[in-house]
Amino acid sequence: MILEVCFLSLNRNGNHGKSVQKVQVIPLGGLGEIGKNMTAIRVDDEILVVDSGLMFPEEDMLGVDLVIPDITYLIENKDKVKAIVLTHGHEDHIGALPYVMKQIPAPVYGTRLTLGILEGRLKENGVDSANLHSVMAGDIINIGCFSVGFIRVNHSIPDAVGLSIKTPVGMIVHTGDFKLDYTPVDGQMTDFRRFSDLGNKGVLLL
C-alpha cells in the first residue's frame, strides 16, 4: 500500500510548471497490525526509513521464531536509502534491524537508550554497530533532502521520541508510540510546545 501526497510547482504565471515533486509514504509493516513497524518516506530518489520492528509469531506459525517486514522494496532501492531513524527501543520498532542492517548499509539514528538496546541485539546476531549514531530529543539533523527533528514523547519506555520530517513537499509529523503522562517517572515530559509550534507552522501529514 502506498499513500502518495503530490505537490505541483507553479510558475510565475500561476500555471503548473513542468516539474512535479511528490512525497510517497510507504508502510512496510505495522499498518493494521501490531508489530513489524516500518515506514519508508520517499522523495525523488531519496528514502528515509522510520523504525524497523518485528512481530512475534501467531500460534499457528509453527517453527517460526519471529516475523519481520518484507523489505524487498528497500533492497531493490538500497542505494536510495539515506538513513533509518528510530522512535524508541521496543522490539516491534527495532527488532528487525539485525536482519535489515545486513542488507541495507544505511546509517541508523536513535536516542542513547534505544541504541543501547539495539547494540545488544546486533551483538547477538554478529552485526557491526559502527553505523549507529546517537541523537537527543531536541536535535535536528539533515539527511539528504530531509530535515529530521527528534521530539521528546512519553511512553512505557524512556528516551522515546516523535519525529518532525521536513521534506521539499511539506512537513510530516510521526508521533511514534506515546502516552499522555504529566508525571513521568524520569521527569521528562512530552514536548507539547514543539508539537504546537509545528501545528502552527503547518503540517502536511500526521
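Participant: Pulling in residues and values, what's your account of helix α4 (residues 112-124)?
Facilitator: Given a rise of 1.5 Å per residue, 13 residues ought to cover 18 Å, and the 19 Å separating the end C-alpha atoms of α4 matches this to within 8%. Check the buried side of α4 and you find it contacts α2 (91-94), α3 (97-100), β6 (108-110) and β7 (132-134). With its phi angle positive at about 65°, Gly-126 sits one or two positions after the end of α4.

Participant: How would you explain the pairing of strand β9 (residues 146-153) if you had to name every residue and give the values?
Facilitator: Regular strands place side chains that alternate from one sheet face to the opposite one. The element β9 is extensively covered by neighbouring structure, given that seven of its eight residues are classed as buried. Inspection of the sheet shows strand β8 (residues 140-143) paired to β9 by four bridges, in the antiparallel sense. Bridge assignment links Ile-143 to a residue of β9, and that residue is Phe-146. In sequence, β8 turns back onto β9 through a hairpin of two residues, with Gly-144 there showing a positive phi of about 60°. Pairing geometry for β9 and strand β10 (residues 160-166), over seven bridges, is antiparallel. In the sheet register, Gly-149 faces β10, and the bridge partner there is Ser-164. Following β9, the chain reverses through six residues before pairing antiparallel with β10; Asp-159 in that reversal takes a positive phi of roughly 60°.

Parameters at a glance
- Residues numbered from 1 in each chain as written.
- Predicted model: local features only at pLDDT ≥ 70, side-chain atom pairs only at ≥ 80, totals over all residues.
- Heavy atoms only, no water.
- Helix = DSSP H or I, 4+ residues; strand = E, 2+ residues; numbered from the N terminus.
- Expected span 1.5 Å × (residues − 1).
- Contact = heavy atoms within 4.5 Å.
- Buried < 20%, exposed > 50% of the residue type's maximum accessible area, 1.4 Å probe, protein only.
- Pairing = 2+ DSSP bridges.

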